[in-house]
Amino acid sequence: MEPSELRETIPALESGVYCNWGAGGPSPRRVVEAAESTLEHHAYESPTAEGMYPAAFDVYDETREAVADLLGAAPSEIALTQSTTDGINRVAGAFDWDEDDVVLRTDLEHSAGILPWQRLEREHGVEVRVLETEGGRLDLADVKAAADAATLFCVSSLTWTHGTRLPIADVVEIAHDAGAAVLVDAVQAPGQVPVDVHEWSADFVVGAGHKWLLGPFGSGFLYVRDGVEADLVPAAIGYRSVEDENASDYRYAAGARRFEVATASPAPYAGLTEAIGVLEEIGIDAIRRRIEALTDRLKDGISDERLLSPRGYESGLVTIAADDPEETVERLAEQGIVVRPLPTPDAVRASIHAFNDRHDVDALLEAL
């Protein structure tokens, strides 16, 4: 399948120029239909057939397998969540924190990778160290200097502020040498660039299906490296967390499953499984090449003074300086063009996917 063929099946793209995939990706009809049919089967047929719980668990299993294939992991290393924020909080809640612990993060993190640590700082006295960066770049010497005595390092693989790719494998090696675990916020990567979590060697990787993967809201996922979970006690527990929910002395399930809790709608996960299948039909390399061509076209029309993302291709996220980001976004919206403002730097961010085209890019440039 060609990207242009899939574009024709995304109804949201019929009514405007959508350049905000890094916030939320409109789903193709196939994805919505998969979620709808799963919901209908679960509500109409499964009660007197296989049962509502087995029907849901079959969908969970299929989604773990699809996400595992996407990330280069094993299904046992995947827990299903609702979102990136949910996944980060599940990890944050599993450590036994005290005033001797240190959380390290960059100044490039989304609020999802900031607020949980602020809460630990407020409630448990955990020290939070923030690595300052420049131009969306992370200095490995700074990582090495700050990682000493850190308990956990939270870092994005692809920055939401600049669209830069960070050297995650190198960061993980430095952090592990210092005795710190690493949590990677990878939500901006799957669906636009290849991801292999075993190449990173990170302890935890969080993401969600509703951005570049074109899945529904509520379809998040958490990768937990095999064996890392053994000493962790999640903050919440439920029948999906344990080996036998009816045992008098419960035992947590092996692998990432201990981070799951209880009943959740199978519909978003069925949509995510379908979305991953759709993108695999196109091929991640073909998607990456098309994103590169379109972002190159966009950047060619932006001056060096205004372009805050790298001139060379790193992702579909393109950050453009604006004196009044909110006003710029509103002005573009009046012309049917969707981008988003950033809280810092003073800029708007365009997210270009393979399902945009040259006309979208040219319309955005003219409006800017």
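As shown above, the structure is provided for reference.
In this report, we go over the structure that sits alongside the text. (Residues numbered from 1 in each chain as written. Predicted model: local features only at pLDDT ≥ 70, side-chain atom pairs only at ≥ 80, totals over all residues. Heavy atoms only, no water.)

As for the packing of helix 10 (residues 284-300) against helix 12 (residues 358-367)
The contact between helix 10 and helix 12 brings their axes to 10 Å, and the two run at 20°. One element, helix 10, and the other, helix 12, form an angle in the roughly parallel class. Between helix 10 and helix 12 lies a crossing whose hand is right-handed. Seen from helix 10, the contacting residues are L294, R297 and L298; seen from helix 12, they are R358, V361, D362, L364 and L365. (Axes fitted to C-alpha atoms, helices over the stretch in contact; angles between N-to-C directions. Helix = DSSP H or I, 4+ residues; strand = E, 2+ residues; numbered from the N terminus. Parallel < 35°, antiparallel > 145°, perpendicular 65-115°, else oblique. Left-handed = near helix turned anticlockwise from the far one by under 90°. Contact = heavy atoms within 4.5 Å.)

A look at the environment of T328
For T328, the position within the fold is in helix 11 (residues 325-334). Taking C-alpha positions, T328 is 9.0 Å from R340, a pair spaced 12 residues apart along the chain. For T328, the contacting residues outside a window of four places in its chain are A322, V348 and L368.

Some details on the pairing of strand 12 (residues 347-351)
In terms of burial, strand 12 is a largely internal element, five of the five residues being buried. Both strand 9 (residues 317-321) and strand 12 contribute to a ladder of five bridges, which runs antiparallel. Residue pairing for strand 12: V318 is matched across the bridge by A350. Bridge count for strand 11 (residues 340-342) against strand 12 is three bridges, and the pairing is antiparallel. Residue L342 lies in a different strand from strand 12, and its bridge partner there is A347. Taken together, strand 11 and the strand that follows it, strand 12, pair antiparallel across an intervening segment of four residues. (Buried < 20%, exposed > 50% of the residue type's maximum accessible area, 1.4 Å probe, protein only. Pairing = 2+ DSSP bridges.)

Some words on helix 4 (residues 84-92)
Among the nine residues in helix 4, seven count as buried, and that is most of the element. Every buried residue of helix 4 is listed here: T84, D86, G87, I88, R90, V91 and A92.

A word on a negative patch on the surface
There is a patch of like negative charges on the surface, built from E33, E36, E40, E45, E50, D58, E62, E65, D69 and E280. Looking at the secondary structure, you find E40 in helix 2 (residues 29-45). (Patch = residues over 30% accessible without salt bridge, like charges linked within 9 Å, V, L, I, M, F, W, Y side chains within 5 Å. Areas by Shrake-Rupley, 256 points an atom, 1.4 Å probe, with all protein chains shown as cover. Salt bridge = Lys/Arg side-chain N within 4 Å of Asp/Glu carboxyl O. Lys, Arg positive; Asp, Glu negative; His and termini not counted. Charge placed at Lys NZ, Arg CZ, Asp CG, Glu CD.)

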